Amino acid sequence: MIIKNIIYALIVIVATVAGSSTGLGGGVVIKPMFDLIGNLSTATVNFYSSLAVFVMAVVTIIRQIKKGFTFNFKVLLSVSGGAVIGGLIGQLLLVAFVHMVSPLHAKLIQSLLLCLMLVSVLLYSLNKHHIKTYHWCNLLTTLSLGLFLGIFSVFLGIGGGPINVALTMILFSFNMREAAVYSVGIIFFAQLTKLIMVLVGSGKSQINFALPTIIAVIIAAIIGGFVGTIINRRASDKGLNVIYNSMIIALIGVTIFNMLRVIF
């Protein structure tokens, strides 16, 4: 168990460093990797993933504000408000979903949706210089975006990072560094909602968590958030894009492997 917790912690550190620096969140790495090495239930993996991403987001936001990053709080709070509502809906859908299908089918469907999302995001990232961007910062757009991101990210247990970054760059014309920080801010609110619902709702009965693993995940996420913020502040926009695209490509491979393992 100790060795497995060390492996979990290393995964969380790598995931949250990438998540904090590029806005991926970390859940998009943790979810498929925990599925790959462990025999945990979908609900348990989603809980560990959400916990790690939430802790990383807290550390990252505090560090970014201390270093002088200024949020447009109108945009952040309206997108996050939509994400909170979406997170509630996503968690309800997830609880219903894991009751309706077998654990293997749940993992297969989540992995398939995750793979399709990652491929779409990668195609955008590689061709973004040819794609028109907008400045749609009105309340309807920001709330609708948050609602969509909250549902999608919480249902998949990934924190929403890749799609957060892509859509905020398209709709708000953010550069990579700005999109990464706003993505982490959105993730904070969505995952806070999910954790509260899990701990006080019926979904708690489906989670088989262990205290040593929780401690390992929290410590690793703190380290990852701290290091990732340093990278985000110091790396060039081009460097952040390289990290982002490399992680997406690697995750597509892991997700496909997980799907094949479930099928065969």
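Each chain has its residues counted from 1, following the order in which its sequence is written. Given that this is a predicted model, residues contribute local features only at a pLDDT of at least 70 and side-chain atom pairs are listed and counted only at 80 or more, while totals for whole chains, interfaces and linings are drawn from all residues. The basis for every side-chain value is the complete set of non-hydrogen atoms in the structure, without hydrogens or water.

The protein is annotated in an unreviewed UniProt entry as Probable membrane transporter protein from Candidatus Paralactobacillus gallistercoris. Among the UniProt annotations of the protein, the heading Sequence similarities (unreviewed entry) holds the following wording: "Belongs to the 4-toluene sulfonate uptake permease (TSUP) (TC 2.A.102) family." UniProt positions are given in the numbering used here, feature names are shortened, and annotations may be inferred rather than shown by experiment.

Visitor: Even after reading the chapter, I still don't get the packing of aromatic side chains, so can you show me in this structure?
Guide: Each aromatic pair joins two rings of Phe, Tyr and Trp (for Trp, the six-membered one) with centres within 6.5 Å, and gets the label stacked for planes under 30 degrees apart, edge-to-face for over 60, and tilted for any other angle. If you walk through the whole model with that rule in mind, you get 14 aromatic pairs. Judged by centre distance (5.3 Å) and plane angle (80°), the rings of F71 and Y182 are edge-to-face. Placement of F71 in the loop between α3 (42-66) and α4 (73-100) and of Y182 in helix α8 (residues 176-200) is noted, with a sequence separation of 111 residues between them. With a 1.4 Å probe rolled over the protein chains alone, any residue whose accessible area is under 20% of its type maximum counts as buried; one over 50% counts as exposed, and the rest are partly exposed. In this structure F71 comes out as buried when scored by relative accessible area, which is 7%. Taking relative accessible area as the criterion, Y182 reaches 6% and is therefore assigned buried. Geometrically, the ring pair formed by F172 and F174 is tilted, given 5.6 Å between the ring centres and 55° between the ring planes. Across the pair, F174 and F172 agree in class, each one buried. One aromatic cluster is present, built from ring pairs that chain together F69, F71, F73, F172, F174 and Y182. The secondary structure listing takes helices from DSSP runs of H or I that are at least 4 residues long and strands from runs of E that are at least 2 residues long, numbered from the N terminus.

Visitor: What should I look at first to understand the packing of helix α5 (residues 103-127) against helix α6 (residues 139-156) in this one?
Guide: In a pair of packed helices, the angle between the axes and the distance between the axes together describe the arrangement. Each axis is a line fitted through C-alpha atoms, taken for helices only over the stretch in contact, and angles between the N-to-C directions span 0 to 180 degrees. Where α5 contacts α6, the two axes come as close as 10 Å, and the packing angle between them is 130°. Viewed along their axes, α5 and α6 adopt a mutual orientation that is oblique. Both α5 and α6 take part in a crossing whose hand is left-handed. Together, Q110, L113, L114 and M117 of α5 and F152, F155 and L156 of α6 make up the contact between the two elements. Ten residue types, Ala, Val, Leu, Ile, Met, Phe, Trp, Tyr, Cys and Pro, are classed as nonpolar, four, Asp, Glu, Lys and Arg, as charged, and the remainder, Gly among them, as polar. Across the contact of α5 with α6, the residue classes break down as six nonpolar, one polar and no charged. Should an angle lie under 35 degrees it is considered roughly parallel, over 145 roughly antiparallel, and from 65 to 115 roughly perpendicular; all remaining angles are considered oblique. With the far helix as reference, a near helix turned anticlockwise by less than a right angle produces a left-handed crossing, and one turned clockwise produces a right-handed crossing. The contact rule is simple, with two residues in contact once any of their heavy atoms fall within 4.5 Å.

Visitor: Is there a simple way to think about the environment of G23 in this case?
Guide: Mapped onto the elements of the fold, G23 is located in the loop between α1 (2-22) and α2 (27-37). G23 gets classed as buried once you look at its relative accessible area, which sits at 0%. Sequence separation between G23 and G87 is 64 residues, and the spatial gap between their C-alpha atoms is 18 Å. With residues up to four places along the chain from it excluded, the contact list for G23 reads A18, G161, P162, V165, A180, S183, V184 and I187.

Visitor: What is the right way to look at a nonpolar patch on the surface in this model?
Guide: Only residues whose relative accessible area exceeds 30% and that form no salt bridge enter a patch; like-charged residues are grouped when within 9 Å of one another, and nonpolar side chains (Val, Leu, Ile, Met, Phe, Trp, Tyr) when within 5 Å. With residues, only the protein chains shown are counted as cover, and all accessible areas are computed by Shrake-Rupley using a 1.4 Å probe. A pairing counts as a salt bridge when a side-chain nitrogen of Lys or Arg comes within 4 Å of a carboxyl oxygen of Asp or Glu. Judged by side-chain polarity, L211, I215, I219, I223, F226 and V227 come together as a nonpolar surface patch covering roughly 520 Å² of accessible area. One can find V227 in helix α9 (residues 211-234). Taking relative accessible area as the criterion, V227 reaches 34% and is therefore assigned partly exposed.

Visitor: I'm lost on the nonpolar core in this one. Help?
Guide: A general feature of soluble globular proteins is that nonpolar side chains tend to end up buried together. In this structure, V12, F34, L118 and I248 are the most contacted members of the largest nonpolar core, which totals 70 residues. Counting residues per element, this core draws most heavily on α3, at twelve residues. Discounting residues that sit within four places of it in the chain, V12 has contacts with I30, F34, A52, V217, A220 and A221. Formed by five residues, the second largest nonpolar core is a distinct cluster that contains L94, A106, F155 and L156. The set of buried Ala, Val, Leu, Ile, Met, Phe, Trp, Tyr and Cys residues whose side-chain atoms join them within 4.5 Å is what this entry labels a nonpolar core.

Visitor: Explain the UniProt feature "transmembrane region" (unreviewed entry) in the protein to me, please; I cannot follow it from the model alone.
Guide: The UniProt entry lists residues 7-30, 45-63, 75-102, 108-126, 138-159, 179-200, 207-231 and 243-263 under the feature "transmembrane region" (unreviewed entry), expressed in the numbering used here. For residues 7-30, helix accounts for 83% and strand for 0%, while the C-alpha atoms at its two ends are 11 Å apart. Taken end to end, residues 207-231 is 84% helix and 0% strand, and its first and last C-alpha atoms sit 34 Å apart.

Visitor: Help me understand the environment of G150 in this model?
Guide: With respect to the helices and strands, G150 occurs in helix α6. We classify G150 as buried; its relative accessible area is 0%. For the pair formed by G150 and L108, sequence separation is 42 residues and the distance between their alpha carbons is 21 Å. Each residue touching G150, except ones within four places of it in the same chain, is listed here: A83, G86 and G87.

Visitor: Any chance you could explain the confidence of the model for the protein here in plain terms?
Guide: Interpreting fine coordinate detail is not advised for predicted regions of low pLDDT. One confidence number per residue, pLDDT, is output by the predictor and ranges from 0 to 100. For the protein, per-residue confidence averages 87 on the pLDDT scale, and 96% of positions sit at 70 or higher. Per-residue pLDDT, averaged within each element of the protein, yields its smallest value for α2 (80) and its largest for α9 (95).

Visitor: Quick question: what am I supposed to make of α8 here?
Guide: Because the α-helix completes a turn every 3.6 residues, residues three or four places apart line up on one side. Every helix has an expected span of 1.5 Å times one less than the residues it contains. Over its 25 residues, α8 extends 36 Å from the first C-alpha to the last, a length consistent with the 36 Å expected when each residue adds 1.5 Å. Contacts described as polar in this section are N or O atom pairs within 3.5 Å, which, within protein, must combine one atom able to donate a hydrogen with one able to accept it, while residues neighboring in sequence count only if both atoms come from side chains. At the N-terminal end of α8, a side-chain oxygen is found 3.1 Å from the backbone nitrogen of R177, two or three residues along, and the residue is N175.

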